[in-house]
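# Understanding the architecture of this molecule
Here is what each chain is made of, one letter per residue.
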Amino acid sequence: DGGITQSPKYLFRKEGQNVTLSCEQNLNHDAMYWYRQDPGQGLRLIYYSQIVNDFQKGDIAEGYSVSREKKESFPLTVTSAQKNPTAFYLCASSTWGTPLHFGNGTRLTVT
Amino acid sequence: AQKVTQAQTEISVVEKEDVTLDCVYETRDTTYYLFWYKQPPSGELVFLIRRNSFDEQNEISGRYSWNFQKSTSSFNFTITASQVVDSAVYFCALRGSSNTGKLIFGQGTTLQVKP
């Protein structure tokens, strides 16, 4: 079955450490997205990529970085510059004309 | 600027009651799409419906129905005869006419259906 795989489901890090969240899709979708979810704030867009080797900042890109070396993969790195990294992170993909298809999310806790 | 507002933060109903989740949006685009997603406790977002701005027909899918009114910039979602399994966070979202595909989400409404 096609889908989006985010790993791990739960991630714990110490403050000051960079951490990379994995997102893989086998839907052959061109576009991929990273959203952050905080209680009471809905989902906010971090980065998105419409094609391999290209990506754009979303509304809250500061403190994050991404790469898109393969169509199937869009990893997100949460750097030590991100002031409040503890959140639920959702990866999504789509192709033009289709709704966003979401992964199961990674819950990151930084202490 | 584009914006989606879900004014209801939390709603609690008893099973079999009908419940309406409100969604109001803002956009200057003439072509746009509206979506509803459901987020159960497991965390993934499940797509429920997509409407384009030129189609104001109401839609019904089983116990779910959607009322799209451009005149009031609203896209409300009604669950008829609610069930405990409907308990989740529901998000309304907007996609404008740009070809980026990105969605603007509302804050979400947490629905609790009690037995």
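Read on for a plain summary of the structure. Computed from a prediction, not measured in an experiment: that's the story for all the values here. (Residues numbered from 1 in each chain as written. Chains lettered and ligands numbered in written order. Predicted model: local features only at pLDDT ≥ 70, side-chain atom pairs only at ≥ 80, totals over all residues. Heavy atoms only, no water.)

Looking only at helices and strands, one finds 0 helices and 11 strands in chain A. The order of helices and strands in chain A, counted from the N terminus, is β-β-β-β-β-β-β-β-β-β-β. Taking 13 Å as the expected radius of gyration for a compact globule of 111 residues, we find that chain A reaches 13 Å, a close match to that expectation. In terms of principal-axis extent, the alpha carbons of chain A reach across some 40 × 25 × 25 Å. Out of the 111 residues in chain A, the part that is buried amounts to 49%. When the accessible surface of chain A is split by element, carbon and sulfur atoms take 46% of a total near 5,500 Å². Here chain A carries 11 positive and 10 negative side-chain charges, and the mean point of each set is 7 Å from the other. (Helix = DSSP H or I, 4+ residues; strand = E, 2+ residues; numbered from the N terminus. Rg over C-alpha atoms; globule rule 2.2 N^0.38 Å. Buried < 20%, exposed > 50% of the residue type's maximum accessible area, 1.4 Å probe, protein only. Areas by Shrake-Rupley, 256 points an atom, 1.4 Å probe, with all protein chains shown as cover. Lys, Arg positive; Asp, Glu negative; His and termini not counted. Charge placed at Lys NZ, Arg CZ, Asp CG, Glu CD.)

Another point: the pattern of salt bridges. This structure, assessed with the given rule, holds 6 salt bridges over all chains. In this structure, the salt-bridge partner of arginine 44 of chain A is aspartate 38 of chain A, at a minimum N-O distance of 2.8 Å. The exposure class assigned to aspartate 38 of chain A is buried, which follows from its relative accessible area of 10%. The partner of arginine 51 of chain B in a salt bridge is glutamate 59 of chain B, with the nearest N and O atoms 2.6 Å apart. One salt-bridge network, in which partners are shared between bridges, spans Arg36, Asp38 and Arg44 of chain A. (Salt bridge = Lys/Arg side-chain N within 4 Å of Asp/Glu carboxyl O.)

All right, on to unusual backbone geometry then. In this model, serine 7 of chain A is joined to proline 8 of chain A through a cis peptide bond whose omega is -10 degrees. When you line up the elements, proline 8 of chain A lands in the loop between strand S1 (4-7) and strand S2 (10-13). Of note in this structure, serine 73 of chain B is not a glycine but carries a positive phi near 50 degrees. Not every positive phi belongs to a glycine, and alanine 81 of chain B is a case in point at roughly 50 degrees. Along the chain, the position of alanine 81 of chain B falls in the loop between strand S9 (74-79) and strand S10 (88-95).

Backbone hydrogen bonds hold the strands of a sheet together, and the pairing may be parallel or antiparallel. Residues and elements named next belong to chain A. Taken together, 4 strands build an open sheet; the order of strands is S1-S3-S8-S7 and the sheet is antiparallel. With one partner strand each, in any of the chains shown, S1 and strand S7 (64-66) form the two edges of the open sheet. Taken over all neighbouring pairs, the strand axes of this sheet differ in orientation by 20 degrees on average, direction set aside. (Pairing = 2+ DSSP bridges. Axes fitted to C-alpha atoms, helices over the stretch in contact; angles between N-to-C directions.)

Residues and elements named next belong to chain A. Following the sequence through the fold, arginine 68 ends up in the loop between S7 and strand S8 (76-78). Among buried charged residues, arginine 68 stands out as having no salt bridge; its nearest opposite-charge side chain is aspartate 30, 6.3 Å away. At 2.8 Å, the side chain of arginine 68 forms a polar contact with the side chain of serine 49. (Polar contact = N/O pair within 3.5 Å; in protein donor to acceptor, adjacent residues only side chain to side chain.)

Now for the nonpolar core. With 23 residues, the main nonpolar core has Trp36, Phe75, Phe77, Tyr90 and Leu111 of chain B as its most contacted residues. A total of 4 residues in this core trace back to one element, the largest contributor, which is S10 of chain B. With 20 residues, the next largest nonpolar core counts Leu11, Ala61, Tyr89 and Leu108 of chain A among its residues. (Core = buried A, V, L, I, M, F, W, Y, C linked by side-chain atoms within 4.5 Å.)

We now examine the packing of aromatic side chains. All chains considered together, the criterion is met by 20 aromatic pairs over all chains. Relative to tyrosine 37 of chain B, the ring of phenylalanine 35 of chain B has its centre 6.3 Å away and its plane inclined at 25 degrees; by these criteria the two rings are stacked. With a relative accessible area of 0%, tyrosine 37 of chain B lands in the buried category. Pairwise contacts between aromatic rings join Tyr35 and Phe102 of chain A together with Phe35, Tyr37, Phe47, Phe91 and Phe105 of chain B into one cluster. The positively charged end of arginine 68 of chain A is found above the aromatic ring belonging to phenylalanine 74 of chain A, 6.0 Å away from the centroid. (Phe/Tyr/Trp six-rings, centres within 6.5 Å; stacked < 30°, edge-to-face > 60°. Lys NZ or Arg CZ within 6 Å of the ring centre and 35° of its normal.)

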